[in-house]
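This is what each chain is made of:
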Amino acid sequence: MDVIYLLDLFGTFVFAISGIRMASRTDMDIFGASVVGFVTAIGGGTVRDLLLDSHPITWMADMNYPIVILAAVPFTFLMGKKLNNYSKTLFLFDTIGIALFTIIGMEKALSFGLNPFMAGMMGMISAVVGGITRDVLCREVPLIFRKEIYATACLAGAVVFYLGIEIDLPDNLNYLLTTGV
Amino acid sequence: MDVIYLLDLFGTFVFAISGIRMASRTDMDIFGASVVGFVTAIGGGTVRDLLLDSHPITWMADMNYPIVILAAVPFTFLMGKKLNNYSKTLFLFDTIGIALFTIIGMEKALSFGLNPFMAGMMGMISAVVGGITRDVLCREVPLIFRKEIYATACLAGAVVFYLGIEIDLPDNLNYLLTTGV
Amino acid sequence: MDVIYLLDLFGTFVFAISGIRMASRTDMDIFGASVVGFVTAIGGGTVRDLLLDSHPITWMADMNYPIVILAAVPFTFLMGKKLNNYSKTLFLFDTIGIALFTIIGMEKALSFGLNPFMAGMMGMISAVVGGITRDVLCREVPLIFRKEIYATACLAGAVVFYLGIEIDLPDNLNYLLTTGV
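Since this is a predicted model, take the numbers as computed values, not measurements.

Reading guide: rules and limits
- Residues numbered from 1 in each chain as written.
- Chains lettered and ligands numbered in written order.
- Predicted model: local features only at pLDDT ≥ 70, side-chain atom pairs only at ≥ 80, totals over all residues.
- Heavy atoms only, no water.
- Helix = DSSP H or I, 4+ residues; strand = E, 2+ residues; numbered from the N terminus.
- Buried < 20%, exposed > 50% of the residue type's maximum accessible area, 1.4 Å probe, protein only.
- Contact = heavy atoms within 4.5 Å.
- Areas by Shrake-Rupley, 256 points an atom, 1.4 Å probe, with all protein chains shown as cover.
- Least-squares fit on C-alpha atoms with pLDDT ≥ 70 in both.
- Core = buried A, V, L, I, M, F, W, Y, C linked by side-chain atoms within 4.5 Å.
- Axes fitted to C-alpha atoms, helices over the stretch in contact; angles between N-to-C directions.
- Parallel < 35°, antiparallel > 145°, perpendicular 65-115°, else oblique.
- Left-handed = near helix turned anticlockwise from the far one by under 90°.
- Nonpolar A, V, L, I, M, F, W, Y, C, P; charged D, E, K, R; others polar.
- Salt bridge = Lys/Arg side-chain N within 4 Å of Asp/Glu carboxyl O.
- Polar contact = N/O pair within 3.5 Å; in protein donor to acceptor, adjacent residues only side chain to side chain.
- Expected span 1.5 Å × (residues − 1).
- Bend = angle between axes of the 7 residues up to and from the residue.
- Phe/Tyr/Trp six-rings, centres within 6.5 Å; stacked < 30°, edge-to-face > 60°.
- Buried area = accessible area lost by both parts, 1.4 Å probe.

*Asks:* Got a minute to help me understand the overall build of chain A in this structure?
*Replies:* Check the secondary structure of chain A and you find seven helices and zero strands. The N-to-C order of helical and strand elements in chain A reads α-α-α-α-α-α-α. Counting all 181 residues of chain A, 56% fall into the buried class. The long-range fraction of contacts in chain A, counting pairs at least 24 apart against all pairs at least 6 apart in sequence, stands at 71%. Here chain A displays about 7,800 Å² of accessible surface, and carbon together with sulfur accounts for 68% of that area.

*Asks:* Looking at this structure, how should I read the relation of the copies chain C and chain B?
*Replies:* The operation relating the two chain copies consists of a rotation about an axis and a shift along that axis. Note on the copies: chain C fits chain B at an RMSD of 0.0 Å, the axial shift is 0.0 Å, and the rotation between them is 120°. Seen this way, the second copy is the image of the first under a three-fold rotation axis. Interface residue correspondence from chain C to chain B reaches only 18%, placing this contact among heterologous pairings that use different surfaces.

*Asks:* Teacher, can you tell me more about the nonpolar core here?
*Replies:* Generally speaking, soluble globular proteins have nonpolar side chains that are buried together. In terms of nonpolar packing, the biggest core is built from 134 residues, with Trp59 and Met122 of chain A, Trp59 and Met122 of chain B together with Trp59 and Met122 of chain C touching the most fellow members. Those residues in contact with tryptophan 59 of chain C, other than ones at most four positions away along the chain, are Leu51, Met118, Met121, Met122 and Ile125 of chain B together with Phe38, Ile42, Thr46, Tyr65 and Pro66 of chain C.

*Asks:* How do you make sense of the relation of the copies chain C and chain A when you look at a structure like this?
*Replies:* Its rotation angle being 120°, the transformation that places chain C on chain A also includes 0.0 Å of axial translation and leaves an RMSD of 0.0 Å. An overlap of only 17% is found between the interface residues of chain C and their copies at the interface of chain A, pointing to separate contact surfaces.

*Asks:* Mind showing me how you'd approach unusual backbone geometry here?
*Replies:* Negative phi values dominate among residues other than glycine, just as trans dominates among peptide bonds. Histidine 55 of chain A connects to proline 56 of chain A through a cis peptide bond whose omega is -5°. Inspection of the secondary structure puts proline 56 of chain A in the loop between α2 (30–52) and α3 (64–79). Positive phi, normally seen in glycine, also occurs at aspartate 53 of chain B, with a value near 55°. Structurally, the position occupied by aspartate 53 of chain B is in the loop between α2 (30–52) and α3 (64–79). Judged by relative accessible area, which is 29%, aspartate 53 of chain B ranks as partly exposed.

*Asks:* What is the right way to look at the packing of helix α1 (residues 2–24) of chain A against helix α5 (residues 116–137) of chain A in this model?
*Replies:* When two helices pack together, their arrangement is given by the angle between the helix axes and the distance between those axes. All names here are of chain A. Their axes nearest at 10 Å, the elements α1 and α5 cross at an angle of 15°. Accordingly, the angle class assigned to the pair α1 and α5 is roughly parallel. Of the two possible hands of crossing, α1 and α5 adopt the one that is right-handed. Along the contact surface, α1 presents Phe15, Ser18, Gly19 and Met22, while α5 presents Ala127, Arg134 and Asp135. Residues of the contact of α1 with α5, tallied by class, amount to three nonpolar, two polar and two charged.

*Asks:* What should I look at first to understand the interface of chain C and chain B in this one?
*Replies:* The parts lose accessible area when they come together, and the size of an interface is often stated as this lost area. Contact with chain C, which involves 22 residues of that partner, is made by 24 residues of chain B. For the pair chain C and chain B, the number of links is zero salt bridges. On the surface where chain C and chain B come into contact, there are two residue pairs in polar contact (both at pLDDT 80 or more). Elements supplying a minimum of two residues to the side of chain C that touches chain B: α2 (30–52), α3 (64–79) and α5 (116–137) of chain C.

*Asks:* How should α3 of chain B be read in this particular structure?
*Replies:* Each α-helix turn comprises 3.6 residues. Residues three or four places apart therefore point the same way. Compared with an ideal rise of 1.5 Å per residue, which puts 16 residues at 22 Å, α3 of chain B spans 22 Å between its outermost C-alpha atoms and is within 8% of the ideal. Turning to α3 of chain B, its buried residues number three or more, namely Tyr65, Pro66, Val68, Ile69, Ala72, Val73 and Thr76 of chain B. Buried residues belonging to α3 of chain B abut α5 of chain A together with α1 (2–24) and α2 of chain B. Downstream of α3 of chain B by a residue or two, glycine 80 of chain B has a phi angle that is positive, lying close to 50°.

*Asks:* Whenever I open this one, helix α5 (residues 116–137) of chain B confuses me. Can you help?
*Replies:* All names here are of chain B. For α5, with 22 residues, the first-to-last C-alpha span of 32 Å sits near the 32 Å given by 1.5 Å per residue. Its maximal kink placed at valine 128, α5 deviates by approximately 35°. Counted residue by residue, α5 has 19 buried out of 22 residues, so it is predominantly covered. The N-terminus of α5 is capped by asparagine 115, whose side-chain oxygen sits 3.1 Å from the backbone nitrogen of phenylalanine 117. One or two residues past the end of α5 sits arginine 139, with phi positive at roughly 55°.

*Asks:* What is the right way to look at the environment of proline 74 of chain C in this model?
*Replies:* Tracing the backbone shows proline 74 of chain C in helix α3. The spacing of proline 74 of chain C and serine 34 of chain C is 40 residues in sequence and 9.7 Å in space, taken between C-alpha atoms.

*Asks:* Honestly, the packing of aromatic side chains in this entry has me stumped. Any pointers?
*Replies:* Working definition: an aromatic ring pair is given by the centre-to-centre distance plus the angle between the planes. Residue and element names in this part refer to chain B. Under the criterion given, the structure shown has 12 aromatic pairs over all chains. Ring centres 5.2 Å apart and planes at 85° place the aromatic pair phenylalanine 38 and tryptophan 59 in the edge-to-face group. Residue phenylalanine 38 is located in helix α2, and its partner tryptophan 59 is located in the loop between α2 and α3; the two are separated by 21 residues in the primary sequence. Each member of the pair phenylalanine 38 and tryptophan 59 is classed as buried.

*Asks:* Is there a simple way to think about the packing of α2 of chain B against α3 of chain B in this case?
*Replies:* Residues and elements named next belong to chain B. Contact geometry of α2 with α3 gives a least axis separation of 10 Å together with a crossing angle of 135°. Here α2 lies oblique to α3, going by the angle between them. Seen along the crossing, α2 lies across α3 with a hand that is right-handed. Across the interface between the two elements, Ile30, Ala33, Ser34, Gly37, Phe38, Ala41 and Ile42 from α2 touch Pro66, Ile69, Val73 and Phe77 from α3.

*Asks:* Just to check I follow, could you spell out the interface of chain C and chain A for this structure?
*Replies:* Counting residues at the interface gives 24 residues for chain C, matched by 22 residues for chain A. Between chain C and chain A, the buried area comes to about 1,900 Å², and carbon and sulfur atoms account for 77% of it. For the pair chain C and chain A, the interface holds zero salt bridges. Counting across the chain C and chain A interface gives two residue pairs in polar contact (both at pLDDT 80 or more). Those elements giving two or more residues to the side of chain C that touches chain A turn out to be α2, α5 and α6 (148–166) of chain C. For the side of chain C that touches chain A, the leading source of residues is α5 of chain C, giving eight residues. Among the residues forming the side of chain C that touches chain A, the class breakdown is 17 nonpolar, one polar and six charged.

*Asks:* Would you explain the pattern of salt bridges in this entry?
*Replies:* Where charged atoms of side chains with opposite charge meet at close range, the side chains can pair. Scanning the entire structure with this criterion turns up nine salt bridges over all chains. Put simply, aspartate 135 of chain B and arginine 134 of chain B hold a salt bridge, and the shortest N to O gap is 2.9 Å. Across the pair, arginine 134 of chain B and aspartate 135 of chain B agree in class, each one buried. The residue arginine 48 of chain C makes a salt bridge to aspartate 49 of chain C at a minimum N-O spacing of 3.0 Å. Among the residues examined, arginine 48 of chain C registers a relative accessible area of 7% and is labelled buried. Residue aspartate 49 of chain C is classed as buried on the basis of its relative accessible area, which comes to 0%. Here the salt bridges do not stand alone but share partners, grouping Arg48, Asp49 and Lys108 of chain A into one network.

In structure tokens form, the structure reads like this:
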């Protein structure tokens with residue numbers, strides 16, 4: 001449980017960085033970049049919660065989410081070009097974030113009584129809406145629509161997680177395994 | 001009732017095709033095209049349900065919607081360029097879909113106690129949000145903003161439907177008439 | 001109370017004009033421009049209400065909002081190029097609208113029991129989502145991401161309003177002061 005929560009905050013941090021970075025490559029100012037970072041980080045979970053009619057929206061009831069996102073702003077600008085040297089690491093983190101958000105979204109949807117297919121849809125929505133909104137705001141063709149690796153990470157996460165439930169793996173082990181994939 | 005439901009599924013199928021087709025003209029992969037098809041098909045109804053606070057969202061409670069949309073993916077790719085020969089038919093279907101979604105949206109809004117003007121707005125939202133989102137994702141200027149025929153189909157649908165109610169037409173006849181317009 | 005309501009309607013009118021004007025500079029027709037005006041005017045409040053789970057959505061329960069927006073359509077087209085001579089006035093009104101929507105959003109969020117930081121977020125969302133959506137639909141890089149004046153108006157509004165509450169200013173005075181800033 002605690003591990004998942006920390007991973008969720010970590011995913012939020014990573015997504016915020018990816019939003020801020022893409023925005024600062026356009027002619028947006030620091031305020032614009034922060035907004036894009038914010039939307040990237042919370043977009044997916046927000047849409048998922050609205051669709052599930054789950055209130056309050058996760059990040060609105062827990063200050064840790066905004067704090068983590070606000071922390072990503074100075075972090076990204078201070079690291080600046082150094083982050084480019086870690087682009088493979090960032091890409092890896094991004095993929096982990098996507099797999100993670102998929103799983104968390106699925107679990108939440110299952111707890112709301114949705115069937116596994118719909119839960120998979122909710123997981124995918126949690127994982128990709130933030131990035132799609134980031135790309136629309138920065139006027140890029142959404143990355144997830146072009147890089148199959150993302151979609152694959154997302155689907156693989158969903159399938160492994162579901163199989164994990166079926167064969168009754170202990171929950172935490174299941175989470176780690178799935179994120180590992 | 002059953003006729004309306006089948007027409008709704010048919011409209012969903014047609015909208016999904018229009019999303020998949022537009023997406024595959026950009027550099028999106030098949031996954032991206034499927035997402036665009038999905039959003040095109042369910043976008044309007046989802047926003048309508050969220051605004052009306054109507055839960056569960058229609059497509060989340062009925063597997064037939066996702067099934068119809070998933071079926072549209074191989075259908076569109078297998079038909080491929082053949083579909084271009086039917087562009088007038090597709091355009092006709094699209095217009096029918098818009099009129100139909102307008103009516104279904106209006107009826108739902110009226111059943112939620114909205115006044116006729118607001119119900120007309122909800123009908124329009126049901127009909128156009130999917131297509132607008134499709135165009136934004138594909139980075140086109142939204143078609144509905146340029147082709148008055150669409151807007152006209154939509155408004156005509158609304159007005160005829162409302163008049164139909166006023167003069168107490170039997171519901172199913174009213175549906176058919178309105179879609180005919 | 002009445003003053004705030006009138007200011008809210010005025011802000012809605014101003015936002016609708018800004019949407020219609022930007023849309024008519026693209027190749028959209030009058031229907032498209034009206035839709036963009038509508039979304040610009042009600043986008044922020046709608047997202048705020050959805051996030052707060054506040055139903056009915058403000059503009060859906062009060063015909064004055066749609067009426068004011070519909071009135072903005074002929075107003076903008078009749079004034080036409082004359083409006084260009086008033087671009088400073090329009091910019092001023094826009095900024096007032098943003099400060100005003102921020103305050104109204106904050107107050108609503110506080111009345112829903114959110115903490116001041118989250119209320120500030122809701123205020124900002126009320127103020128900027130409409131304009132961002134307008135810019136996305138018109139395929140512009142969102143203005144608020146480039147012009148710090150907007151963000152500043154918005155933040156200043158929030159801070160002054162919050163301080164005003166803290167030192168127990170009479171509510172109406174507080175509103176006027178904040179909008180003045």
